[in-house]
Amino acid sequence: MASVSSTSDGSVAVRGNRRPVARYGLRFVALGYLLVLLAAPVTMVFYRAFQHGLGPIWSALTTSEARSAIEVTLIVAISAVVLNTLFGVGTALLLVRRRFPGRHLLDVLVDLPQAVSPIVVGLALILVYGKFGFFGSWIERNGLKIIFSLPGMVLATAFVSLPLVVRSVAPVLAELGDEQEQAARTLGASSWQTFRRITLPSIRDALAYGVVLSLARSLGEYGAVTVVSGHVIGKTLTLTLFIDERLQNFDQPAAYSAAVLLAIIAMGSLLISRRFRARTRSVA
Amino acid sequence: MTLYLSFLVLIPLGAVVWKSQSDGWSAGWHQVTSPEAAAALKLTLTISVGVALFNLVMGTIIAWVLVRDDFPGKGAVELFIDLPFALPTIVAGVVLLSLYGPRSPAHVDIAFTRTAITVALLFVTLPFVVRTVQPVLIELDRDMEAAAASLGASPFLIARRIILPNLVPAMLTGTGLAFARAIGEFGSVSLLSGNLPFHTEVSAVNIFNQIQSDNPVGAAAQSTVLLVIAFVVLFALDRLKRWGVHRG
Amino acid sequence: MSISVRHVTKRFAQFTALDDVSVDIPTGSLTALLGPSGSGKSTLLRVIAGLDTADAGTVSIEGADATHLPPQRREVGFVFQHYAPFKHMTVYDNIAFGLTVRKAGKAETKTKVTELLELVHLEKFQTRYPDQLSGGQRQRMALARALAVEPRVLLLDEPFGALDAQVRKELRTWLRRLHDEMNVTTVIVTHDQEEAMEVADEIVVLYDGRVQQVGHPHDVYEHPVNEWVMSFLGPVTHFGSLLVRPHDLDLAHETSDGALPATVVRVTRLGFQTVVDLDVQGVPLYAQLAREATDRLTLSPGASVYVSHARGESVPTVPGVPVAAAVGVPAGLEVDLG
C-alpha cells in the first residue's frame, strides 16, 4: 500500500506503493476491466459508424425521418429540462431553506425516479393520463392527448431526470448558507429580489451543471418514452426510438449513425458538466 | 412544488400499485406468480445481485486506482467512467452489440444469451460504486494510516482494518444504487438478450410485453413488485447513510 | 544516545525541507524541535519515524541503523497534530490497536488498556467514539494509543497545536509530568517557543531546513548563537548595532559608558511592567522595565534619557540576515507599538 507522507503544511505527497506488485496488479485489473467493458466496445461502435467515412452518416441522419426524430427529441428534452429546472430549483430551496413535517420524506421522494425502472414509469403515466386512466376521461373531454403524444413523452422524460437539478443545486445551497439572503432581507429586498440578485447568481454554476446533466439524460431517455410514445414515424419518435425502429428494419447504418450521434452528445455533456462541476467546487 | 411532484411522481406510481389489485389482490398475485413472470423475476434478481456485487469489488478497485495511483491517461479514465451514466440505454446496447454481438470482429457473440444480460448490466451499473467510494477515499485522513503503520500494522492490515471499514457505507450505498438500477434496466438488455421467455427475458421486458398485449393488471402487478424492492433498497440506504454519518 | 540523525537531507520537488541535518537525542530526555512552519521540524520527525524517507543521510535508533526500516519495525510511538483517531473504533479499540496487531491476549490487552485509560483519565469514555470526545480528550487518547505498545521513542508532531490556549497549557504540564514518570525518550515538534522552553530538557532550533542551535532552554534563550535564534526565542530590540533583549536595558537621566541618548516617544504602563518606546537618532527602540525603575524617572513623551545595555547577551546585527517575524513583540504581551 502507499506509504503516507504529508508535509508539515498539510499537502500530501502521493507516494508510490512499497509493494509494486500490488500496485501494478490493481492497476492492471482496473484498467483491464474498463478496457473490455467500456473502451473497446465504444471504440468499436465509432469504428463501425465511421468505417466508410462521414458521407453515409450524414445521409442517414438527414433523411426526413431522422430529422424529425431529432426535432422531436429536442422539443421533448428541452421542455422536460425547463420544467425540471423551474421545479428543481424550487424544490431545492424548499428542502434546504425550510423546515416542515415530511421534509425528510420529500428528500427521499426526490431520489425515487433513479430507482424506478423506466418501463414502470411509462406504465404509471399511462395508467393515470391514458385513455382509460384516472384522468383519462377528463383529458378526453377537453380534447387533450397526453399519452401517445408529445406531452406524455415530456412527462416521462421529466420524471426520469427529475432528481438531477435538485441534487446539483441543493448541496451548494446548503453550503452557501442563508446569511447572504438574510442580509439582503434586512436591507429591504423582497423574496423575489433576493432570489434573483443573491441566490441565483451564487448557484449559477451548480445550476448549469444540473441542467447539462438533465439535458443529457432527457436526450437519451428510451425505456419510459418507448412505452408512452405512439411510435408514429415522423411525429412521436425520438432519436432513441428512431434507433430502435431502424434496427427492427435491419437498417444498421442508420441505427449506428444515430447511436454515434447520441454517444458524441453524451461525451460532450460529460466534458461540459465536468467544467461546471469544477467551478462549483471552487466557489463553495 | 409538492403539487408538481405529486402529479408527476406520486400519483402515477400510486396508480401502478392500485392497478395491480384492481381485479383483486389474488388476481394480481396470480399475475406475478405466473410461470413466465416468475421466471423473469428470478432471472432479474439473480443476475442483478451478482452484477451489483461484482461491480462492488471492481468499483472499489477502480476508485482506489483513481485516487491512489497515477498513470498516463488517468484524466481520460476519470472522465469517461461516467459514460454509462450519460449514454442512452439503447445506445449502450448498440455499443455492446458491435463488439460482442453477431458481427463481432473478435468473434465473441453473446447475443441471445444470459451472459449478454450480465454484460449489459455490468456496463450500465459500472459507475455507481466508483462514484460513491471515490469521494470518501479522497477525504480519508491519511494520518490514520500513518498512525496504524507506526503502531506496527502491515500495509495489508491497514487496508483491511483502517481503510476498508471507513469505505463500507459508501460501498453499500453504491451497491444498492447499482442493484436498483439493474433490476429495472430495459434498453440495453432488451437489445442484447433477445428477450427469449424463460431464458433471457428480464422483468422489465416482461412488463413491457404485458403492456403491449393489453394486460395492464399483469404489468402493474410485476411493476409493484419491482417498486417495492426498489423502495426497500432506497430506505435501507437512507438508514445506512445516517448510521455512517454518526460513526465517522 | 537514543536517536542519532546524521547528514539527513530531504527534498520535496523544488523545496529543500532538510539540509544536511545532524542531531542527537539523549536517551530519556524530552527534546523539542522548535522552529516556524517550513523550518523542517515536522519533516525531521517523520524521517525519524520512518513515515518519510530521507534522500540522504542516516537515522539510528538506540545504536542500530534504522534508515531503511519501515515505520512498523522502528518501535516508535507517533502522535499527530490532528490526532488521527481511528474514527470507526471506540476509544478502547483505538488504544488497544497496537496490541491487537501484535496479537496480544485478550486479558493482557485489557489490563494494559485499562492502565492507560487511567493514566490519561479517560476510563469513563472507553466505549465512546472519537467524534464524541473533545479535542483535548482525543489527544490524550492518541497519546495512550502510542504508549500502549511501549515504544522506545515517543514522537509528537505539534500535539497541542489544534487546541485552544487553556487546554494547551494544561496538557503541556501534564505531558511533562507524564514524561518524568515514564522516562521514555520523547521528541516534540512545536512552533511555540514558550511551549518548548516550558516543557523541554533540550531544544533543537530549526530554521530553513538547518539546525541553528542545540541546548538547554536557558542556554538557547540567554546565549543565542545568531540573530534569528535570538529573535525567535524571545523579544528583541535594536541597540545601536546590536540586537538585545528589551528587559536588559536600563534608562537613566545621566549618561554612562556606552549609553545612547534617546528621546521618549511613548510610555505604556502594563501593570508590573512598563514599556517605553524610544527614538535613538531616528531608529526606534523599546525598553521593558519594572515599574519601580520607571517610577524613579520622569518619563513623558519628548523627554531625554540615556539608554544603556547593562547585562545579558547581545548579538551583532548583520544587514541582510533574516530575523524572525516576532521582532519587537514580547511573547504574551499584545502591545501595539505602532
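Think of each chain on its own: its residues are numbered from 1, step by step along the sequence as written. A letter from A marks each chain and a number from 1 marks each ligand, given out in the order of writing. Local features in this predicted model are restricted to residues of pLDDT 70 or higher, and side-chain atom pairs are both shown and tallied only at a pLDDT of 80 or more, whereas totals for entire chains, interfaces and linings draw on every residue.

Novice: Describe the interface of chain B and chain A, naming the residues involved and giving the relevant values.
Specialist: Contact between two residues is assigned when their C-beta atoms, built from the backbone, lie within 7 Å. Every contact between the two is made by 64 residues of chain B and, on the other side, 66 residues of chain A. For the side of chain B that touches chain A, the residue count by class is 51 nonpolar, five polar and eight charged. Residue polarity follows a fixed list, in which Ala, Val, Leu, Ile, Met, Phe, Trp, Tyr, Cys and Pro are nonpolar, Asp, Glu, Lys and Arg are charged, and the others, Gly among them, are polar.

Novice: Give a description of the confidence of the model for chain A that names residues and reports values.
Specialist: On average, residues of chain A score 83 in pLDDT, and 92% of them are at 70 or above. Mean pLDDT across the elements of chain A bottoms out in helix α6 (residues 136–141) of chain A (74) and peaks in helix α12 (residues 239–248) of chain A (92). As a per-residue quantity, pLDDT reports the predictor's confidence and falls between 0 and 100. Counting from the N terminus, the helices are the DSSP runs of H or I reaching at least four residues and the strands are the DSSP runs of E reaching at least two.

Novice: Lay out the nonpolar core in plain terms, naming residues and giving numbers.
Specialist: Proteins that are soluble and globular tend to have nonpolar side chains buried together. Membership of the largest hydrophobic core comes to 160 residues, with the highest contact counts inside it found for Leu123, Val169 and Ala259 of chain A together with Val94 and Ala120 of chain B. Among the elements that take part in this core, helix α7 (residues 150–176) of chain A stands out by supplying 15 residues, more than any other. What leucine 123 of chain A contacts, discounting residues up to four positions off in sequence, is Val227 of chain A together with Val16, Ile207, Ile211, Ala219, Ala220 and Ser223 of chain B. In these notes, a nonpolar core means any group of buried Ala, Val, Leu, Ile, Met, Phe, Trp, Tyr and Cys residues linked to one another through C-beta atoms within 7 Å. Our exposure labels follow a C-beta count within 10 Å of each residue's own C-beta, placed from the backbone: buried means 20 or more other C-beta atoms, exposed means 12 or fewer, and partly exposed covers the counts in between.

Novice: Describe the environment of arginine 138 of chain C, and please don't skip the residues or the numbers.
Specialist: Residue and element names in this part refer to chain C. Along the chain, the position of arginine 138 falls in helix α4 (residues 135–147). Note on arginine 138: 22 C-beta atoms within 10 Å, which makes it buried. When the C-alpha atoms of arginine 138 and valine 149 are compared, they prove to be 18 Å apart, with 11 residues separating the residues in sequence. Filtering out sequence-adjacent residues up to four positions away, arginine 138 remains in contact with Tyr83, Pro85, Pro130 and Leu133.

Novice: Break down helix α9 (residues 191–202) of chain A for me, citing the residues and quoting the values.
Specialist: In this model α9 of chain A runs 16 Å from its N-terminal to its C-terminal C-alpha over 12 residues, within 8% of the 16 Å that 1.5 Å per residue would give. Counting buried residues along α9 of chain A, only one of its 12 residues qualify, which leaves the element largely exposed. Expected helix span is computed as 1.5 Å times (number of residues minus one).

Novice: Kindly report on the sheet that holds strand β17 (residues 304–309) of chain C, identifying the contributing residues and their values.
Specialist: All names here are of chain C. A pair of strands is considered paired only if DSSP assigns at least 2 bridges between the two. Taken in spatial order, the five strands make up an open sheet running β13-β17-β14-β15-β16, and their pairing is antiparallel. A single partner strand is all that each edge strand has here, and the edge strands are β13 (249–252) and β16 (283–290). On average, adjacent strands in this sheet sit at an angle of 45° to one another, irrespective of strand direction. With seven bridges connecting them, strand β14 (residues 260–270) and strand β15 (residues 273–280) associate as antiparallel partners. Note that in β15 the partner of valine 267 across the bridge is valine 276. Lines fitted to the C-alpha atoms define the axes, with helices restricted to the stretch that makes contact. Angles between their N-to-C directions range from 0 to 180 degrees.

Novice: Quick one: what's the story with the sheet that holds strand β1 (residues 3–12) of chain C, residue by residue and with numbers?
Specialist: Residue and element names in this part refer to chain C. Taken together, the four strands give an open sheet; going across it, the order is β2-β1-β4-β5, and neighbouring strands pair in antiparallel fashion. Strands at the two margins of the open sheet, each flanked by one partner only, are β2 (15–25) and β5 (64–65). Here β1 runs beside β2; their pairing, made up of seven bridges, is antiparallel. Following the sheet pairing, phenylalanine 12 is matched in β2 by phenylalanine 15. Packing of helix α1 (residues 41–49) onto the sheet brings it into contact with β1, β2 and β4 (56–61), and relative to β1 it is tilted by some 120°.

Novice: Can you explain the interface of chain B and chain C? Please cite residues and give values.
Specialist: Counting residues at the interface gives 18 residues for chain B and 19 residues for chain C. Contributing elements (two or more residues each) for the side of chain B that touches chain C: α8 (142–150) and α9 (155–184) of chain B. It is α8 of chain B that provides the largest number of residues to the side of chain B that touches chain C, a total of seven residues. Classifying every residue of the side of chain B that touches chain C by side-chain character gives 10 nonpolar, five polar and three charged.

Novice: Describe the pairing of β16 of chain C, and please don't skip the residues or the numbers.
Specialist: Residues and elements named next belong to chain C. Relative to β16, β15 runs antiparallel, the two sharing eight bridges. In the strand pairing of β16, valine 280 is matched with valine 283. What sits between β15 and β16 in their antiparallel hairpin is a turn of two residues, with glutamine 281 showing a positive phi close to 50°.

Novice: Please provide a residue-by-residue account of the confidence of the model for chain C, values included.
Specialist: In low-pLDDT regions, the fine details of the predicted coordinates are not to be read closely. All names here are of chain C. Here chain C averages 87 in pLDDT, and 94% of its residues register 70 or above. Segment residues 326–338 is flagged for pLDDT under 50; beyond a separation of four residues in sequence, or across chains, it makes 22 contacts in the model. The ipTM for the predicted assembly is 0.87, set against a pTM of 0.81.

Novice: Give me the lowdown on the packing of helix α2 (residues 91–101) of chain C against helix α3 (residues 106–119) of chain C, citing residues and values where you can.
Specialist: All names here are of chain C. Their axes nearest at 10 Å, the elements α2 and α3 cross at an angle of 130°. Considering their axes alone, α2 and α3 lie oblique with respect to each other. The hand of the α2/α3 crossing is right-handed. Residues Tyr92, Ile95, Ala96, Leu99 and Thr100 of α2 pack against Thr109, Lys112, Val113, Leu116 and Leu117 of α3. Looking at the contact of α2 with α3, its residues break down into seven nonpolar, two polar and one charged. With respect to orientation, any angle under 35 degrees is reported as roughly parallel, any angle over 145 as roughly antiparallel, any angle of 65 to 115 as roughly perpendicular, and every other angle as oblique. With the far helix as reference, a near helix turned anticlockwise by less than a right angle produces a left-handed crossing, and one turned clockwise produces a right-handed crossing.

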